[in-house]
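Architecture and fold: a report
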Amino acid sequence: MQNKGLIKLFAILFGLVSLYQLSFTYFASGVENDAKEYAKLYADENDGKALARFEKKYIDSVATEDILDLGITSFNYNDIKDKELNLGLDLKGGINAILQVSVKEILIGLSNDSKNIAFQQALQAADKKLTDSNDNYLDIFYDEFQVTSQANGNVKLSDPSIFGNKGLSDKINFKNTNEEVKPVLQAEINSSISTAFDVLRSRIDKFGVTQPNIQRVGTSGRIQIELPGAKDIERVKKLITSKAELQFWEVYTGAELYNFFIQADATVANMLKDDTATEQKKDTTNTDNLDDLLESDKDSATVATQKRLFTYLAPTGANSSVIATAKVADTARINGLLRDPQVRGSLPAAQRYTKFLWDYKSYTPVKPENVTAEAFDNAARINLYAIKSNRRDIAPIEGDVIADASQVYDQLNNPEVSMTMKSDGAKKWGKMTTENVGKFVAVVLDDYVYTAPSVNTPITGGSTSISGGSMTVEEAQDIATVLKAGKLPAQARIIQAEVVGPSLGQEAIDASFRSFGLAILLVLAWMVVYYGKAGLYSNVALALNMLLIFGWLASQGAVLTLPGIAGIILTIGMSVDANVIIFERIKEGLFKKKGLKQSVEEGFSFKGALSAIIDANITTLLTGIILYVFGTGPIKGFAYTLILGIITSFLTAVFITRLLIDGSINKGTNLTFNTSLSKNWFQNINIEFLRKRKIAYIISGAIILAGLFSIYQIGLKQGVDFKGGRSYVVRFDQPTNASDVASSLQPSFGSLPEVKTYGSSAQLKITTVYKIEDEGENVDDEVQQTLFDGLKPYLKEGTTYENFKPGFEKSGNAIMSYIKVEPTIADDIKTSALWAVFGSLLVVFLYIFIRFRKISFSLGAVIAVFHDVLIVLGIFSILYKFMPFDMEIGQSFIAAILTVVGYSLNDTVVIFDRIREFAGIHTKWKYSEVVDKALSSTLGRTINTSLTTLLVMLAIFLFGGDSIKGFMFALIIGVVVGTYSSLFVATPIMYDTSKKQEKRK
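In this report, the structure presented in the accompanying data block is examined. (Residues numbered from 1 in each chain as written. Predicted model: local features only at pLDDT ≥ 70, side-chain atom pairs only at ≥ 80, totals over all residues. Heavy atoms only, no water.)

1. What about the overall build of the protein?
Per the secondary structure count, the protein includes 33 helices and 23 strands. For the protein, whose C-alpha radius of gyration is 34 Å, the value lies close to the compact-globule estimate of 30 Å for 1001 residues. Expressed as lengths along the three principal axes of its C-alpha atoms, the size of the protein is roughly 105 × 80 × 75 Å. The buried share of the protein, reckoned over its 1001 residues, is 53%. Nonlocal contacts in the protein, meaning residues at least 24 apart in sequence, comprise 74% of its contacts between residues at least 6 apart. When the accessible surface of the protein is split by element, carbon and sulfur atoms take 55% of a total near 45,200 Å². Across the protein, the mean location of the 102 positive side-chain charges is 9 Å away from that of the 106 negative side-chain charges. (Helix = DSSP H or I, 4+ residues; strand = E, 2+ residues; numbered from the N terminus. Rg over C-alpha atoms; globule rule 2.2 N^0.38 Å. Buried < 20%, exposed > 50% of the residue type's maximum accessible area, 1.4 Å probe, protein only. Contact = heavy atoms within 4.5 Å. Areas by Shrake-Rupley, 256 points an atom, 1.4 Å probe, with all protein chains shown as cover. Lys, Arg positive; Asp, Glu negative; His and termini not counted. Charge placed at Lys NZ, Arg CZ, Asp CG, Glu CD.)

Here you go:
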């Protein structure tokens, strides 16, 4: 081998650079571990919020101190944090969300809130069609408007009542056709989405999370935001979804609205009397005791008194801006009642435009000393305010008057938001406060009241503040951030979210790397047992391969996820496989008495092992590229590490191993490429595989038919990322029965949710489609609150909703992680995944056809891949109800299937390459003999590679985290089936189709 010195130099340099890059991860984790120990000294270990606060305090105190001093340069914590290996949510915790900027709201804004009938009807029709269409909203709206305009006098989009208004007069006039208006609207929409992206990026940059990621997704108005390591999930959600629409309003007092509440309570009682009557009905068929009947009547009377407005709402009647309080769980019901025309009919004429808004923050009531714990209801409560709105619902002062905002402290050292107004805003604010001395005014942000103080004196200096007794520093900072960044041009709604709590993330890290380390050790040990000293050299190459992969990921700021680890697993298999192919070819040369140097030379040559290695790597590389281009989320992460691993494994297996072996030979070492234990393994094998192909066809056909029957009858358990819904992983402090929990939640959710043990018996995965199609701002919180209320009997006594919510370090009685996917994006995810799979198969089919010049080879490889995928799908359909781990079909499962595809193709191509080689050498043999001999000669390599790959996967399956077990199970089944299919499906089909082609000739 030429240029050995150059190869050695580059290997050493790249290895050192990789170690340098990974050292930042080591030192950063050291600081973070010290921060955790510091937090434990000052906070209760069960108080995740306090722990996070003290961890941040410690890290802030050392952030600018030198952590790593190299003499010529030094690095502080902020420096090394930016350079460490990035971990994904599934390994680190945090939130990954896709936001949909409302194109509908942008269109309404561009039309100046047009009331044109054709316009309104087109919007309504577009809303309905959007759920079943992959087209963007503007295209759907445009098609629907073509229909509605015909039914309303052929009105055009350029009509002055729609888009031909003053705001767009420089771009649209009434003569423009609909076709001419559409591109203008698209440009305006793109501009608004770009503005939204910039506003969100500005907010995220100030949030304080390291390695945030924000990017646009296509042209449909979607923006993806990923914040690994974020612990305060509620804070993040408020920050990214807040429209930042600031308003200043006058408000009514509780005393001013008390008479309205009295009348409204009577109205609601009358409205709900039918519901009350229904609940009073009791089944007394089996009641044979007078006491039971009396008790039943008493219960009915109790229920009858509950169906009133005051059942849910407690008016204050005081001269205060707080007009009432209610449980957080009842806010949705109260909103519906207060919007009801019958209830609003009780408002006096002067108050008919009253708008009811909630406080931005709930509170937990304090138990009075004279009330027992059993009688006290500690459910979270929230204050209600009444805004003096108007017919057009336009605030006297809005947020565009704010020049600057910052977080400061008041005279009592409480955090608040200081705002400086522009000159016109200062005048309006001075006028408003002058007119309301002795009264109350409210500062409203995104329809939530942040403060509603009494005005003591006029404020004419152009400054004001947002404050509240319970406001935290973080809340004040976030309000200042969103006000300074500016408001979003339209509402941004979370349509897909994945949240992993830091506790679950840390467990995933520990389990994944522990099992991954064990897997590597097993592979290294096996290679030494099988190949002796040559195995040691391949281990050095494999270790360098791993170092280069992780070093590259760290240097490029790439994110390592669980599917990414799957890509590395496949890389390990391919790296070992390359060395196995080379070593087996060398052993063949030694068996033929060619001498060690000649055998090594031939083994590493193109005519030897290199041709098969290149073919196998290119087919898998093409698969990885297609997946990276068309895939999303986990599939993209898998593809990235796979592509990287293919390149590094090829270089290390071919060049580094060769370098070490040549060095050993030059020193006079006699390498045998086996040990006394493995010396006679897989020698002189001569199996007639083709004679057994019909039996294999029957076995495969039977398994596939059974799987297809199960899929038809039972189906597959689709994950929420494919079907839409919400999925929560909830941990309890004791074993909990899944069926009991499902039955308890059914009345609240309206249908029976899917509940399954997830890992330990004290942890459940709860999946529901409850309110998944609702688009309200508080729907996510309402569903989460409903889940909490339904699970109360199973949670530790005293568990509050605040502690139950995801985020922060938690040991139990809480949501550890959750996923939400709306149906519209679920269809897009599924479509992208399917295109990625079929695209990769098509490219591989074409490559194999070009490389082997026979369509029979391509057919054999692709049919074998379909065979493997169908069997894995069938097994998942048959077993998902019985296995003690999650077996959902989602994006991670697709990544597993693609790993199987890559492995199966790699195996098949190596065998095909040997068949092609034997066909060229043994021209007088029957083709069936050529095929059987080729299969027999590669059997040692096939079993060896499969065994080492299975060792890796079994270690991770048995000792890895709960979230990866279903994923690893698919890989294990796939490797076993893939090995079988390369011997008994791909090759026989190639042989049979070759015979048919020969007969046609």
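2. Here's the deal with the environment of S169
Along the chain, the position of S169 falls in the loop between α7 (137–150) and α8 (178–205). The sequence separation of S169 and S605 amounts to 436 residues, and the corresponding C-alpha distance is 72 Å.

3. A word on helix α31 (residues 891–921)
With 31 residues, α31 extends 45 Å from end C-alpha to end C-alpha; this agrees with the ideal 45 Å at 1.5 Å per step. Among the 31 residues of α31, 26 are classified as buried, and the element is accordingly described as predominantly covered. (Expected span 1.5 Å × (residues − 1).)

4. Remarks on a nonpolar patch on the surface
A cluster of nonpolar side chains, namely L842, L846, F849, I850, I855, L859 and I863, defines an oily patch on the protein surface of about 600 Å² accessible area. For the nonpolar patch, the elements supplying multiple residues, two or more each, are α29 (823–852) and α30 (855–879). At four residues, α29 tops the list of elements feeding residues into the nonpolar patch. In this fold, L842 is placed in helix α29. (Patch = residues over 30% accessible without salt bridge, like charges linked within 9 Å, V, L, I, M, F, W, Y side chains within 5 Å. Salt bridge = Lys/Arg side-chain N within 4 Å of Asp/Glu carboxyl O.)

5. Examining the environment of E84
Secondary-structure assignment places E84 in the loop between α3 (77–83) and β3 (86–87). A relative accessible area of 5% means that E84 is categorised as buried.

6. As for the side chain of Q100
Along the chain, the position of Q100 falls in strand β4 (residues 94–101). Judged by relative accessible area, which is 15%, Q100 ranks as buried. Aside from chain neighbours lying at most four places away, what touches Q100 is S220, G221, R222, Q491, A492, R493 and I495.

7. Description of the pattern of salt bridges
Overall, the coordinates contain 33 salt bridges when judged by the stated rule. Between K431 and E435 there is a salt bridge, with its nearest N and O atoms 2.8 Å apart. One end of the pair is K431 and the other is E435, both in helix α16 (residues 423–435) and four residues apart, which spans about a single turn. Judged by relative accessible area, K431 falls into the exposed class, the value being 53%.

8. What to know about helix α20 (residues 562–591)
Residue pairs three or four apart in sequence face the same way in an α-helix, which turns once every 3.6 residues. Taking 1.5 Å of rise per residue, 30 residues should cover 44 Å, and α20 covers 43 Å from first to last C-alpha, within 8% of that figure. With 27 of its 30 residues buried, α20 lies for the most part within the structure.

9. Things to note about unusual backbone geometry
Here D113, not a glycine, exhibits a phi torsion of approximately 55 degrees, which is positive. Inspection of the secondary structure assignment puts D113 in the loop between α5 (103–110) and α6 (117–130). What makes D113 partly exposed here is its relative accessible area of 42%. Although it is not a glycine, D446 adopts a positive phi angle of roughly 55 degrees.

10. Re empty space enclosed by the protein
Summed over the entire model, instances satisfying the criterion amount to five cavities of 30 Å³ or more. Considered as a void within the structure, the largest cavity measures approximately 110 Å³ in volume. What lines the largest cavity is a set of 14 residues, among which I581, R585, V910, R914 and T938 lie closest to the centre. Those elements that place two or more of their residues in the lining of the largest cavity are α20, α22 (606–630), α31 and α32 (927–959). (1 Å grid on protein atoms, 1.4 Å probe; cavity = no way out; pocket = protein on both sides within 12 Å on 5 of 7 lines; lining within 4 Å. Points joined across faces, edges and corners; volume = space filled by probe spheres on them.)

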